[in-house]
Amino acid sequence: LPEGLIPRGAWIGDRFYVYAHDGTRGLVWEVTSKTESLGEPRVVALPDLGNKGERVWQEVEAAGSRLLVYEMFASKVDRRREDTPAGAIPGGAFLVDPGTGKIVRHLAPTTYFARLRASSDGRFVYGIPPRGYADLAFAQHMLASNIGNT
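Conventions adopted
- Residues numbered from 1 in each chain as written.
- Predicted model: local features only at pLDDT ≥ 70, side-chain atom pairs only at ≥ 80, totals over all residues.
- Heavy atoms only, no water.
- Buried < 20%, exposed > 50% of the residue type's maximum accessible area, 1.4 Å probe, protein only.
- Helix = DSSP H or I, 4+ residues; strand = E, 2+ residues; numbered from the N terminus.
- Pairing = 2+ DSSP bridges.
- Core = buried A, V, L, I, M, F, W, Y, C linked by side-chain atoms within 4.5 Å.
- Contact = heavy atoms within 4.5 Å.
- 1 Å grid on protein atoms, 1.4 Å probe; cavity = no way out; pocket = protein on both sides within 12 Å on 5 of 7 lines; lining within 4 Å.
- Points joined across faces, edges and corners; volume = space filled by probe spheres on them.
- Nonpolar A, V, L, I, M, F, W, Y, C, P; charged D, E, K, R; others polar.
- Salt bridge = Lys/Arg side-chain N within 4 Å of Asp/Glu carboxyl O.
- Axes fitted to C-alpha atoms, helices over the stretch in contact; angles between N-to-C directions.
- Polar contact = N/O pair within 3.5 Å; in protein donor to acceptor, adjacent residues only side chain to side chain.

Caption draft 1: Quick peek at the pairing of strand S7 (residues 93-96). Side chains Ala93 and Leu95 project from S7 onto one buried face, and the interleaved Phe94 and Val96 project onto a second face that is buried too. Sheet topology places S7 next to strand S8 (residues 103-107); four bridges connect them, and they run antiparallel. Its bridge partner being in S8, Phe94 is matched across the sheet by His106. Hairpin connection from S7 to S8: six residues lie between these consecutive antiparallel strands, with Gly101 at a positive phi of about 85 degrees.

Next comes the structure, spelled out in structure tokens:
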């Protein structure tokens, strides 16, 4: 991996995907039992994350045949703690095709999560809100988060 990246990973079937954010884009590498070196990554063209070119700590979770990429809020690295204007940091999660790097969908873009998990078939996503943000609107949104992943 290039120096300074914070890699995360997830299994989809018999393949392991390594993901990292380099300050301007997401990078995905596919790893199988025959992989000897990572090679060139697939580029994930993320929208502006309000990060001013700095790396963003993002988590990755398998969701069926796709990857869920999201920024974890309510932790020591929560960028909302900084002097950032409201709405400058997008929330939600990006549903990414790991084979192409293409963003399939931006889920719940105005909702901030402390943690996300997907159902084993990848059809539903379940989120834990940051402390102090668990209200009825959050619960209603999560109940409606059928990501329709196939």
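Caption draft 2: Examining the nonpolar core more closely. Core analysis: the biggest nonpolar cluster contains 14 residues, and Tyr19 and Leu67 have the highest contact counts within it. If you list the elements that add at least two residues to this core, you get strand S1 (8-12), strand S2 (15-21), strand S6 (66-71) and S7. Once you skip the residues sitting within four places of it in the chain, Tyr19 turns out to touch Ile6, Pro7, Arg8, Gly26, Leu27, Val28, Val44, Leu46, Gln58, Val60 and Val69. Counting twelve residues, the second largest nonpolar core, distinct from the first, contains Leu68, Met72, Phe113 and Ala118.

Caption draft 3: Highlighting empty space enclosed by the protein. Taken as a whole and assessed by the stated rule, the structure comprises two cavities of 30 Å³ or more. Approximately 50 Å³ is the volume found for the largest cavity. Residues of the lining of the largest cavity, tallied by class, amount to four nonpolar, three polar and one charged.

Caption draft 4: The arrangement of the pattern of salt bridges in detail. Overall, the coordinates contain six salt bridges when judged by the stated rule. Across the pair Arg15 and Glu30 runs a salt bridge whose closest N-O atoms are separated by 2.5 Å. Of the two residues, Arg15 sits in strand S2 while Glu30 sits in strand S3 (residues 26-31), which places them 15 residues apart along the sequence. Overall, the relative accessible area of 23% leaves Glu30 in the partly exposed class. One salt-bridge network, in which partners are shared between bridges, spans Arg8, Glu59 and Arg115.

Caption draft 5: Local environment of the sheet that holds strand S5 (residues 58-63). Taken in spatial order, the four strands line up as S5-S6-S7-S8 in an open sheet, and their pairing is antiparallel. Both edges of this open sheet fall to S5 and S8, since each of them pairs with a single strand only. Across this sheet, the average inter-strand angle for adjacent strands is 25 degrees, counted without regard to direction.

Caption draft 6: Seen up close, unusual backbone geometry. Its identity is not glycine, yet Ala108 carries a phi of approximately 45 degrees, on the positive side. Secondary-structure assignment places Ala108 in the loop between S8 and strand S9 (115-118).

Caption draft 7: A look at the environment of Arg115. Considering the arrangement of structural elements, one finds Arg115 in strand S9. With 44 residues separating them along the chain, Arg115 and Glu71 place their C-alpha atoms 8.8 Å apart. What Arg115 contacts, discounting residues up to four positions off in sequence, is Glu59, Tyr70, Met72, Tyr126, Gly127 and Ile128. A polar atom in the side chain of Arg115 sits 3.5 Å from the side chain of Tyr70.

Caption draft 8: Looking closely at the sheet that holds strand S4 (residues 42-44). Across the sheet, four strands lie side by side as S1-S2-S3-S4; this open sheet has antiparallel pairing. Only two strands of the sheet have a single partner each, and these edge strands are S1 and S4. The average angle at which neighbouring strand axes cross in this sheet is 30 degrees, direction not considered. Pairing geometry for S2 and S3, over six bridges, is antiparallel. Among the inter-strand pairings, Ala20 is bridged to a residue of S3, identified as Leu27.

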